[in-house]
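Residues per chain, in single letters:
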Amino acid sequence: MLVERMTKNLSTETIFSRKYGLLGKQEAHENAKRIEELCFASADEHFKREPDGDGSSAVQLYAKETSKMMLEVLKKGPRTTAELEAPVADTPPVPADAPLVPADTVLDISGGKRAFIEADEAKELLRPILEAVKNQLTEVDISDFVAGRPEDEALDVMRIFSKALEGSVLRYLNISDNALGEKGVRAFSELLKSQESLEELYVMNDGISEEAAKALSELIPATDKLKVLQFHNNMTGDEGAMYIAEMVKCSPNVESFRCSATRIGSDGGVALSEALGRCTRLKKLDIRDNLFGVDAGLALSETLPKLPDLVELYLSDLNLENEGTKAIANALKQSAPQLEVLEMAGNEISARAAPDLAECLMAMQSLKKLTLAENELKDDGAVIIAKSLEDGHTDLKELDVSTNMLQRVGARCFARAVANKPAFVQLNINGNFISDEGIDEVKEILKAGKKSLDVLGSLDENEPDGEPDDEEEEEDAEDNEDELDSKLQSVKVEQDD
């Protein structure tokens, strides 16, 4: 137990003997014993006041008070005989049969009173605790801990932490929000090179360029046990994506992969999409806000059938266009009927891709969230997609079709599609061209169904007098509703029994 180890180290006389010189072992032993008794008594009382706790706070109190009292004794130096005979405190000693406080699992050094001690003293004082903690550490979060510091100073701090944590057997490591770049990554080299068992690695918002991505790929010795790998908001680009792709290839057990907002273009997107084919246990894939384009979308469509456990898929703002969207929709129709979240906003999707999307959506009866915002569906595409959502989809909670050049007909169809979903909570049709009459119709449809108006999102950016770019008349779209419905009926969807 951590407490036992701390007590054992505290009871030794080495620190006090060195400080006191000729005073000898007797006073050192007495000081250590007094501190031990006082701190255990204080921690025990604290533990008794929190009978439902796990003892964590009691152990933290013990560690804090021990360090504080040891420093005070060391600063005072040797005491006189009279002082030695005086009582230390009114607190009674801890009974021999008092229960030990359960070992803690957290060491927090972010608080406490500021004080100056010599470097050698600090190392000697904290060594027992550091050794005990280092051997038990499994999770380290050192994100955003050098913000605003000069580069040289920040790099020095990173090296100090890297050296101190070298050899820890970690399952979780978060070094995000530190503006690392290649220099920062290499400053963590000792820590990274010693990690053979990482299960979660977060390197987000770290300025990970091509060189930094290469450094990561070189330094981390093994990624075969990784389950979570996240690179959100970096400057990786196509060249850096190649190195990330190599890491992904060696991470067959990854269940959650995020590489969003990393400036990856077509070549990097293709490489990354192909590498993801090795991650057959993937459940969550987030590659939003990159510059993939159609070719990378086609490559991704080849990979998706290899990911049978996929539950969440985030593909917004990838420039997929209709061709890439149709390829991905057809792949998902066959391979991911269990999908619960699908986001494809901002991909220039028009009505031409709507039948393929509708076919895909009809196969996804577990869908909980669908985002198709900032596309070009217009009413023609809206009618087809809305019809595909009307039957089944009892778990659907959120539908976002904002900013799609929708008018009265499209808005009304989406309202009908969700009005009777038992779990539904949010319909977003904002940023469209829905007339006042159309808004009234949407509200009436929702009120007549099982859901109230509470599910209707804000309409503050709707433009009642606006029109689609091609100035398509609302009446023409309404006349075509029956024809579009017949198109949907001709769609053949094969679902698993």
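Residues numbered from 1 in each chain as written. Predicted model: local features only at pLDDT ≥ 70, side-chain atom pairs only at ≥ 80, totals over all residues. Heavy atoms only, no water.

1. Let's talk about the overall build of the protein chain
Working step 1: Broken down by element type, the protein chain carries 20 helices and eleven strands.
Working step 2: Taken across its 497 residues, the protein chain has 48% of its residues classed as buried.
Working step 3: Residue pairs in contact within the protein chain that sit at least 24 positions apart in sequence constitute 87% of those at least 6 positions apart.
Working step 4: By element, 46% of the accessible surface of the protein chain is carried by carbon and sulfur atoms, the whole surface being about 24,400 Å². (Helix = DSSP H or I, 4+ residues; strand = E, 2+ residues; numbered from the N terminus. Buried < 20%, exposed > 50% of the residue type's maximum accessible area, 1.4 Å probe, protein only. Contact = heavy atoms within 4.5 Å. Areas by Shrake-Rupley, 256 points an atom, 1.4 Å probe, with all protein chains shown as cover.)

2. Remarks on the nonpolar core
Working step 1: By size, the foremost hydrophobic cluster in this structure holds 104 residues, and its most contacted members are Phe257 and Leu342.
Working step 2: No other element matches helix H17 (residues 408-418), which puts seven residues into this core.
Working step 3: What Phe257 contacts, discounting residues up to four positions off in sequence, is Leu229, Phe231, Ile244, Val248, Leu272, Leu276, Leu282, Lys284, Leu285, Asp286 and Ile287. (Core = buried A, V, L, I, M, F, W, Y, C linked by side-chain atoms within 4.5 Å.)

3. Here's the deal with the packing of aromatic side chains
Working step 1: If you walk through the whole model with that rule in mind, you get three aromatic pairs.
Working step 2: With a centroid separation of 6.4 Å and an interplanar angle of 25 degrees, the aromatic rings of Phe145 and Phe188 are classed as stacked. Taken together, the positions of Phe145 in the loop between strand S1 (139-141) and helix H7 (151-165) and Phe188 in the loop between helix H8 (181-187) and helix H9 (189-193) put the pair 43 residues apart, joining distant regions of the chain.
Working step 3: Assessed through its relative accessible area of 25%, Phe145 is described here as partly exposed.
Working step 4: Their ring planes at 45 degrees and their centres at 5.3 Å tell us that Tyr172 and Tyr202 sit as a pair that is tilted. A residue pair is termed long-range when its members are at least 10 positions apart, and Tyr172 in strand S2 (residues 172-174) and Tyr202 in strand S3 (residues 200-202) qualify at 30 residues.
Working step 5: Accessibility expressed as a relative area gives 16% for Tyr172, which makes it buried.
Working step 6: Relative accessible area serves as the criterion here: at 13%, Tyr202 is assigned to the buried category.
Working step 7: Aromatic ring contacts, followed pair by pair, group Phe145, Phe161 and Phe188 into a single cluster. (Phe/Tyr/Trp six-rings, centres within 6.5 Å; stacked < 30°, edge-to-face > 60°.)

4. Some details on the side chain of Asn462
Working step 1: Following the sequence through the fold, Asn462 ends up in the loop between helix H18 (436-448) and helix H19 (474-479).
Working step 2: A polar atom in the side chain of Asn462 sits 2.9 Å from the backbone oxygen of Ile434.
Working step 3: Setting aside chain neighbours within four positions, we find Asn462 in contact with Asn430, Gly431, Asn432, Phe433, Ile434 and Ile439. (Polar contact = N/O pair within 3.5 Å; in protein donor to acceptor, adjacent residues only side chain to side chain.)

5. Overview of the packing of helix H11 (residues 237-249) against helix H12 (residues 266-275)
Working step 1: At a minimum axis distance of 8 Å, the contact between H11 and H12 shows a crossing angle of 5 degrees. As summarised for this structure, H11 and H12 are arranged roughly parallel, according to the angle between their axes. Of the residues in H12, those touching H11 at Asp238, Ala241, Met242, Ile244, Ala245, Val248 and Lys249 are Ser266, Asp267, Gly268, Gly269, Ala271, Leu272 and Ala275.
Working step 2: Here the residues of the contact of H11 with H12 are counted per class, giving eight nonpolar, three polar and three charged. (Axes fitted to C-alpha atoms, helices over the stretch in contact; angles between N-to-C directions. Parallel < 35°, antiparallel > 145°, perpendicular 65-115°, else oblique. Nonpolar A, V, L, I, M, F, W, Y, C, P; charged D, E, K, R; others polar.)

6. Some remarks on the pattern of salt bridges
Working step 1: Taken as a whole and judged by the stated rule, the model has 21 salt bridges.
Working step 2: In this structure, Arg149 and Glu153 form a salt bridge, with 2.8 Å as the shortest nitrogen-oxygen distance.
Working step 3: For Lys249, the salt bridge identified is with Glu246, shortest N-O distance 3.4 Å. With Lys249 and Glu246 both in helix H11 and three residues apart, the pair spans about one turn of that helix.
Working step 4: Judged by relative accessible area, which is 32%, Lys249 ranks as partly exposed.
Working step 5: Among the ionic contacts, a cluster of salt bridges with common partners joins Arg258, Asp286, Arg288, Glu343 and Lys369. (Salt bridge = Lys/Arg side-chain N within 4 Å of Asp/Glu carboxyl O.)

7. Quick notes on helix H15 (residues 354-363)
Working step 1: Among the ten residues of H15, eight are classified as buried, and the element is accordingly described as predominantly covered.
Working step 2: Every buried residue of H15 is accounted for by Ala354, Asp356, Leu357, Ala358, Glu359, Cys360, Leu361 and Ala363.

8. Regarding the sheet that holds strand S4 (residues 228-230)
Working step 1: Spatially, eleven strands are ordered S1-S2-S3-S4-S5-S6-S7-S8-S9-S10-S11 in an open sheet, and the strand pairing comes out parallel. Bordering the open sheet on either side are S1 and strand S11 (426-428), each of which pairs with just one other strand. Averaged over all pairs of adjacent strands, the angle between strand axes in this sheet comes to 5 degrees, irrespective of strand direction.
Working step 2: Relative to strand S5 (residues 256-258), S4 is paired through three bridges, and the arrangement is parallel. Counted as the bridge partner of Val228 is Ser256 from S5. (Pairing = 2+ DSSP bridges.)

9. Describing unusual backbone geometry
With the exception of glycine, the majority of residues adopt a negative phi angle, and the majority of peptide bonds are in the trans configuration.
Working step 1: The residue Asp177 is not glycine, and still its phi comes out positive at about 60 degrees.
Working step 2: Among the secondary structure elements, Asp177 is positioned in the loop between S2 and H8.
Working step 3: Looking at Asp177, the relative accessible area reads 34%, which means it is partly exposed.
Working step 4: Of note, the phi angle at Lys378 is positive, near 55 degrees, even though the residue is not glycine.
Working step 5: Within the fold, Lys378 resides in helix H16 (residues 378-390).

10. So, the environment of Ala336
Working step 1: Checked against the element boundaries, Ala336 lands in the loop between helix H14 (321-335) and strand S8 (341-343).
Working step 2: As a C-alpha pair, Ala336 and Asp309 span 27 residues in sequence and 7.6 Å in three-dimensional space.

11. Thoughts on the confidence of the model for the protein chain
Caution applies to low-pLDDT parts of the model: their predicted coordinates are not meant to be read in detail.
Working step 1: Averaged over every residue, the pLDDT of the protein chain is 82; residues scoring 70 or more account for 69%.
Working step 2: Note on residues 490-497: pLDDT under 50 across the span, and nine contacts to partners over four residues away in sequence or across chains. (pLDDT = per-residue confidence, 0-100.)

12. Focus: the environment of Leu219
Working step 1: You can see Leu219 is positioned in helix H10 (residues 210-219).
Working step 2: The residues touching Leu219, leaving out its near neighbours within four places in the chain, are Val185, Arg186, Ser189, Leu192 and Lys193.

13. Overview of the packing of H15 against H16
Working step 1: At their nearest, the axes of H15 and H16 sit 8 Å apart, and the two run at 10 degrees to each other. When the axis of H15 is compared with that of H16, the two are roughly parallel. The segment H15 lies against H16, with Ala354, Pro355, Leu357, Ala358, Leu361 and Met362 engaging Gly381, Ile384, Ile385, Ser388 and Leu389.
Working step 2: Residues of the contact of H15 with H16, tallied by class, amount to nine nonpolar, two polar and no charged.

14. Things to note about a negative patch on the surface
Working step 1: On the surface, Glu211, Glu239, Asp267, Asp295, Glu321, Glu323, Glu348, Glu376 and Asp469 cluster together into a patch of negative charge.
Working step 2: Looking at where Glu211 falls in the secondary structure, it is placed in helix H10. (Patch = residues over 30% accessible without salt bridge, like charges linked within 9 Å, V, L, I, M, F, W, Y side chains within 5 Å. Lys, Arg positive; Asp, Glu negative; His and termini not counted. Charge placed at Lys NZ, Arg CZ, Asp CG, Glu CD.)

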